[in-house]
Each structure stands twice: as structure tokens, then as C-alpha cells.
Amino acid sequence: MKNARTVLLLLVAVSTQAFAAKDYSDTVSDLRLMYVVSNNVYARVVAGDTADDLTWTNSTGSGNWSFNEANWKLRWIESDDEEFYMDSIGPNSVGVHFTDECTSTVDVSITAAVNPRDITVDATRDYVFADGAGKITGNTSLVKTGSGTLTIALDNDFVGTPVYPGVTLHEGVIRVQANKALGEGAVVTAGGTTLIYENNVTSSLGASGTKIAGNIEVLAGATLTVDLSGDVQYVVRTQIVDG
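Just so we're clear, the structure is a prediction, and the values are computed from it rather than from any experiment.

Quick look at the overall build of the chain
Summing up its helical and strand segments, the chain has zero helices and 25 strands in all. Burial status across the chain gives 49% buried among its 243 residues. Considering only intrachain contacts with a sequence separation of at least 6, the fraction spanning at least 24 residues in the chain is 40%. Of the accessible surface of the chain, which amounts to about 11400 Å², a share of 49% is contributed by carbon and sulfur atoms.

Below, the structure is given as C-alpha cells:
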């Protein structure tokens, strides 16, 4: 358990009305700068240690994965009236989480290049990462847990981190609906999971560190090239579904 520290919220000059500064004491981690909006009052967090990761809420209903919209909440703030706005200096300093807490069924539209520290989809519900002319990029890892299905319908070029592969599928299903949906890093899947290639994609597996223990289904019209050279392992049932 991390030590609890006090976080001081200092108001940004966006209104002529006077508001008091607001304190939070909670479990916090790295040095970051971020915005919080509470009851439509914008505030900036300035602290040696600030909040932990973000959870997707889609509170605006737009579905846009944007740190300029109040579609996220600080994971350590339990109040429903707190929403998150990331400053432009470092959105890759936090991890993002997609959970059952969000009840909106609107697709998550990635409208720009995003590079969070890591992405965790831990849900029994299904999620769709839709193509909004953006991509997931850089040294980011995607971890899928929970029994739900994650559909990725846009091309990405994220590669993982020095510690974690690009994609780790612990539970459930990932549906690949774009050629480079899984980025350019290693892919690791556990037994009992399924990767489904569909939507006429032309994809490949085989980046160094790839370990496939789950099932792979290649649906009609899709093409999957598997590289058996290098530091890769496959203990897998592959099903080619025709027609």
C-alpha cells in the first residue's frame, strides 16, 4: 500500500468568481500535472505526488478517448462529481482502465495518437476501440483481463515496454478488425483465450517475445502470417473458418 499524502488543488483562472482551494488526502503516486473539474469548476492539481490511474466513464457520451473531455475519472477519487482533464505536458504518465464501471455502450473512438503508460481492459462487458483517425502508439502495453470481448478496429504501432509485451491476453477474446490492431510488439496469450482475425484483415504474429497459448480463429477473408523464427512460442489451436 502506498503512503497517503495530501494533494492541493489550486484553481486555474477561468472565472471571476472566488473559490476556495480544495484538499484531498489519498493514496497517490508520481509527480504529475492534471486538471480536475468538480461541479463545472476547473482546478489544477499541483503536488509532489498526485492521483493514480484513470478509469473510463464516457460521462459526456461522446465516446472520444480524449484528455480534453470529461470522459475519465481519477481512480482514487470516489465522488461521482469528480472528472479528469489531463494537461498536455504528459498524458503518457498515467495508465488507463476500461472496466464494468462504465455502463455506456458507445464505442471508444480514438481520435488522435494516444500514448498512456499502459492500458488495462478488465471487464465482463464488451468494449470496442474504434477508428477515429487516431492510434495507440509508443511504449505502451495493452492488458486484457475479464471475460468480455475487446474489438480493436484501428491500426496501431505501440510496441510494449521494456518489462511488458505489447499485448497480453489473460482472459476473454480480442477481435482483430484492422491489419495492425495489435501494434508492433510481442503478443502473449493465455490458455483458454481467443484471438479472432476478421474483417478481411492482413495481419502477422511473430515479434520477439510472442507466446501464444490460447486459440486463434482466422475468419473468411482474413489472412494471418505467423513468423516461427526468433524468440517466439506457439502452443495453440488455430482454426481457419471458411465462408
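Let us keep going from here.
Quick word on the packing of aromatic side chains
The full count for this structure, using the stated rule, is eight aromatic pairs. On the numbers, 5.7 Å between centres and 35 degrees between planes, the contact of Trp56 with Phe98 is tilted. Residue Trp56 is located in strand β5 (residues 54-56), and its partner Phe98 is located in strand β8 (residues 96-99); the two are separated by 42 residues in the primary sequence. On the basis of relative accessibility, which here comes to 0%, the residue Phe98 falls in the buried class. Both rings, one in Trp65 and one in Trp72, keep their centres 5.7 Å apart while their planes meet at 70 degrees; by these two values the pair is edge-to-face.

Focus: the pairing of strand β20 (residues 202-205)
Across the two faces of β20 the burial differs, with Ser203 and Leu205 buried and Thr202 and Ser204 not buried at all. Where β20 and strand β23 (residues 223-226) come together, four bridges link them in parallel fashion. Of the residues in β23, the one forming a bridge with Leu205 is Val226.

Section: the sheet that holds β5
Read from one edge of the open sheet, nine strands run β6-β5-β8-β11-β14-β16-β18-β21-β24, paired in mixed fashion. Of all the strands in the sheet, just β6 (72-74) and β24 (233-234) have a single pairing partner and so form its edges.

A few points about the side chain of Thr120
Within the element layout of this structure, Thr120 appears in strand β11 (residues 118-122). Leave out the neighbours within four places in its chain, and Thr120 touches Val96, His97, Phe98 and Val143.

Focus: the nonpolar core
Formed by 41 residues in total, the largest nonpolar core has its most connected members in Trp65, Phe98, Phe129, Leu195 and Tyr197. With residues near it in sequence (within four places) discarded, Trp65 still touches Trp56, Trp72, Val96, Phe98, Val108, Ser109, Ile110, Thr111, Val114, Pro116, Ile119 and Phe129.

Comments concerning the pattern of salt bridges
Enumeration according to the criterion identifies five salt bridges in this entry. Linking Arg117 and Asp118 is a salt bridge whose minimum nitrogen-to-oxygen distance equals 3.0 Å. Owing to a relative accessible area of 30%, Arg117 belongs among the partly exposed residues under this scheme. Given the relative accessible area of 19%, Asp118 is considered buried. A salt bridge links Glu184 to Lys180; the shortest N-O distance between them is 2.6 Å.

What to know about unusual backbone geometry
Trans peptide bonds make up most of the peptide bonds, and negative phi angles are found at most residues other than glycine. Positive phi is not limited to glycine here, since Asn58 has a value of about 50 degrees. Along the polypeptide, Asn58 turns up in the loop between β5 and β6. Exposure remark for Asn58: the relative accessible area of 5% places this residue in the buried category. With phi around 75 degrees, Ala133 is a residue other than glycine that occupies positive phi space. Relative to the assigned elements, Ala133 resides in the loop between β12 (127-131) and β13 (135-136).

Observations regarding the environment of Gly221
Along the chain, Gly221 turns up in the loop between β22 (215-218) and β23. Sequence-wise, Gly221 and Asn200 are 21 residues apart; in three dimensions their C-alpha atoms are separated by 4.5 Å. Look past the residues within four positions of Gly221 in its chain and what remains in contact with it is Asn200 and Val201.

Quick notes on the rules
- For every chain, the first residue of its written sequence is number 1, and the numbers climb from 1 along that sequence.
- Thresholds applied to this predicted model are a pLDDT of at least 70 for local features of residues and 80 or more for the giving and counting of side-chain atom pairs; totals over whole chains, interfaces and linings are not thresholded and use all residues.
- The basis for every side-chain value is the complete set of heavy atoms in the structure, and neither hydrogens nor water enter the calculation.
- Helix and strand definitions follow DSSP, with helices as H or I runs of at least four residues and strands as E runs of at least two, each counted in order from the N terminus.
- Each residue's exposure class comes from its accessible area (1.4 Å probe, protein chains only) as a fraction of the maximum for that residue type: buried when under 20%, exposed when over 50%, partly exposed otherwise.
- Note on contacts: a residue pair qualifies if any of its non-hydrogen atoms lie within 4.5 Å across the two residues.
- Per-residue and other accessible areas were derived by the Shrake-Rupley procedure at a 1.4 Å probe size, with only the shown protein chains allowed to occlude residues.
- Centre distance within 6.5 Å is the pairing criterion for rings of Phe, Tyr and Trp, where only the six-membered ring of Trp is used; planes under 30 degrees apart are then read as stacked, over 60 as edge-to-face, and the remainder as tilted.
- In short, DSSP must find at least two bridges between two strands for them to pair.
- We define the nonpolar core as a collection of buried residues of types Ala, Val, Leu, Ile, Met, Phe, Trp, Tyr and Cys that are connected through side-chain atoms lying within 4.5 Å of one another.
- Salt bridges are identified by distance alone: a Lys or Arg side-chain nitrogen within 4 Å of an Asp or Glu carboxyl oxygen.

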